[in-house]
Every structure is written in structure tokens, then in C-alpha cells.
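# A structural walkthrough
One-letter residues, chain by chain:
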Amino acid sequence: DVKVTQSSRYLVKRTGEKVFLECVQDMDHENMFWYRQDPGLGLRLIYFSYDVKMKEKGDIPEGYSVSREKKERFSLILESASTNQTSMYLCASSFMAGVETQYFGPGTRLLVL
Amino acid sequence: EDQVTQSPEALRLQEGESSSLNCSYTVSGLRGLFWYRQDPGKGPEFLFTLYSAGEEKEKERLKATLTKKESFLHITAPKPEDSATYLCAVLSNSGYALNFGKGTSLLVTP
């Protein structure tokens, strides 16, 4: 079974803090993704990575950066957290480009005060 | 621009009352259409992938079908444990990432 894990289920941070969200997959997948999910807006892509050290901006990259130093790990960084970044963050991975299914982690619910 | 629209937004069924959820899409070349189930506070759980019009897939009480413009998720004789949000997503020729609809929230009452 594919397993995607995220470092925290819940996080509470203060405005202006630097926040790290980590995602690890154990299936040697090439592609990894970060989404955020908000009521009424659905899932929106923040960033994705198709190989180690490679990244592409998604639909809403502003205020975020990512790091992929190892194939199994993909980190999302909020450089200076703001209240409008309060959301559910979901990581996903897929084996390769094309029509491969994306498998999701359990999510991190982030509250920025 | 790719678009995915799910309807209805919410659906309430009695246990055993069959129904269908709709996912309409507009994409520049469909590579795959995906159905996921999401329980509150959890990540989406993969259900089905459909690749071409006419394709159908089944899993327990769920059956997914695909045409050139839409997909249906048919739920036969649902049980309360089928209550969840069902998400539809498409992958087009133009990129790597899924484009999600906003989901249908299904409640099945005993």
C-alpha cells in the first residue's frame, strides 16, 4: 500500500512565524504535490515537484516555497505566516507523469493566529 | 482553461436509496478522471480512475462511468458509512496536476 505521511496533523502558529510542513512517501514516487483545501474553494495546487530539486508553481504559490532534497521528502515552507494561510494542507504523490493516480496524506490543519 | 463542476453540492439519502453524483468537465485533452472519497478532517482516499469515454469501474456499492463531457458516480443501496464528500478531479494534457471539483457532500441516514 502507498503511504504518504505528513509531519503534523494540527499546528498553531503566530503571524510572521516561519512554518515548515513536511511530507514523506514510501513508494519511490517521482511526483509530489502540495495542495490547500478551503471551504467553498476546494483543493488548490500550491507547488509540485517532478524530481529531486525540481519544482513548479501551481495555482497559488504566493507566500509559499518548497524544498525537495530527497526523492521521498517534500517540504512546504510558509516564509512569514499570515492569517489567510489558515487552512488544511494536503500532500500527495504519484509514481510518474502521465495518468498515474495521486495518493494523499492525512493532511495538516494549520491555524495562524 | 480546465473546469470541473460537481453537482449537487450536497445530497441526503435514506439508507438503501440509490442515486448518482455528477461531475462535468471541460479540459484540453483528458488524460484521466479521478474519483476520491474524503472523510471529515482526513485526506482524500482514491476510489477510481477512468481514462476514456465508455469506461466503467465498480467497487462495492459504487460505480463510476465516463462520457466525453461528464462522469457519474452511482451509489447503489447506500449505507450510513458511505457518508463522506466525494471529489472528482481531471488530469489534462497540459500538466501534471489534478484539477478538482468542489465536491459533493453525501449524507446517508439510517
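The structure under discussion appears in the preceding block.
Reading the values: rules and limits
- Residues numbered from 1 in each chain as written.
- Chains lettered and ligands numbered in written order.
- Predicted model: local features only at pLDDT ≥ 70, side-chain atom pairs only at ≥ 80, totals over all residues.
- Heavy atoms only, no water.
- Buried < 20%, exposed > 50% of the residue type's maximum accessible area, 1.4 Å probe, protein only.
- Helix = DSSP H or I, 4+ residues; strand = E, 2+ residues; numbered from the N terminus.
- Pairing = 2+ DSSP bridges.
- Salt bridge = Lys/Arg side-chain N within 4 Å of Asp/Glu carboxyl O.
- Disulfide = S-S within 2.5 Å.
- Contact = heavy atoms within 4.5 Å.

Quick look at the pairing of strand 7 (residues 62-66) of chain B now. Residue and element names in this part refer to chain B. In terms of burial, strand 7 is a largely internal element, four of the five residues being buried. Sheet topology places strand 6 (residues 56-59) next to strand 7; four bridges connect them, and they run antiparallel. Each residue of the ladder has a partner; that of Lys 57, found in strand 7, is Ala 64. What sits between the antiparallel neighbours strand 6 and strand 7 is a turn of two residues, in which Glu 60 has the positive phi angle 55°. Where strand 7 lies against strand 8 (residues 70-75), five bridges are found, and the strand directions are antiparallel. From the neighbouring strand, Ala 64 faces strand 8, where its bridge partner is Leu 73.

A word on the pattern of salt bridges. All names here are of chain A. All told, the structure shown has 11 salt bridges over all chains when counted by the stated rule. Two residues, Lys 18 and Glu 79, come together in a salt bridge whose shortest N-O distance is 3.7 Å. Here Lys 18 is found in the loop between strand 2 (10-13) and strand 3 (19-25), whereas its partner Glu 79 is found in the loop between strand 8 (73-78) and strand 9 (87-94), with 61 residues between them in sequence. We classify Lys 18 as partly exposed; its relative accessible area is 47%.

One pass over the structure, following the stated rule, counts two disulfides over all chains. At a sulfur-sulfur separation of 1.9 Å, the disulfide partner of Cys23(A) is Cys91(A). Here Cys23(A) and Cys91(A) share a disulfide; its torsion about the S-S bond, -75°, makes the bridge left-handed. Note that Cys23(A) is positioned in strand 3 and Cys91(A) in strand 9, a separation of 68 residues in sequence. Between the sulfur atoms of Cys23(B) and its disulfide partner Cys88(B) the distance amounts to 1.9 Å. Disulfide Cys23(B)-Cys88(B): torsion about the S-S bond near -65°, hence left-handed.

A word on the environment of Thr109(B). All names here are of chain B. Counting through the fold element by element, Thr 109 comes out in strand 11 (residues 104-109). Accessibility expressed as a relative area gives 15% for Thr 109, which makes it buried. Leaving out residues up to four positions away in the same chain, Thr 109 has contacts with Arg 12, Leu 13, Gln 14 and Glu 15.

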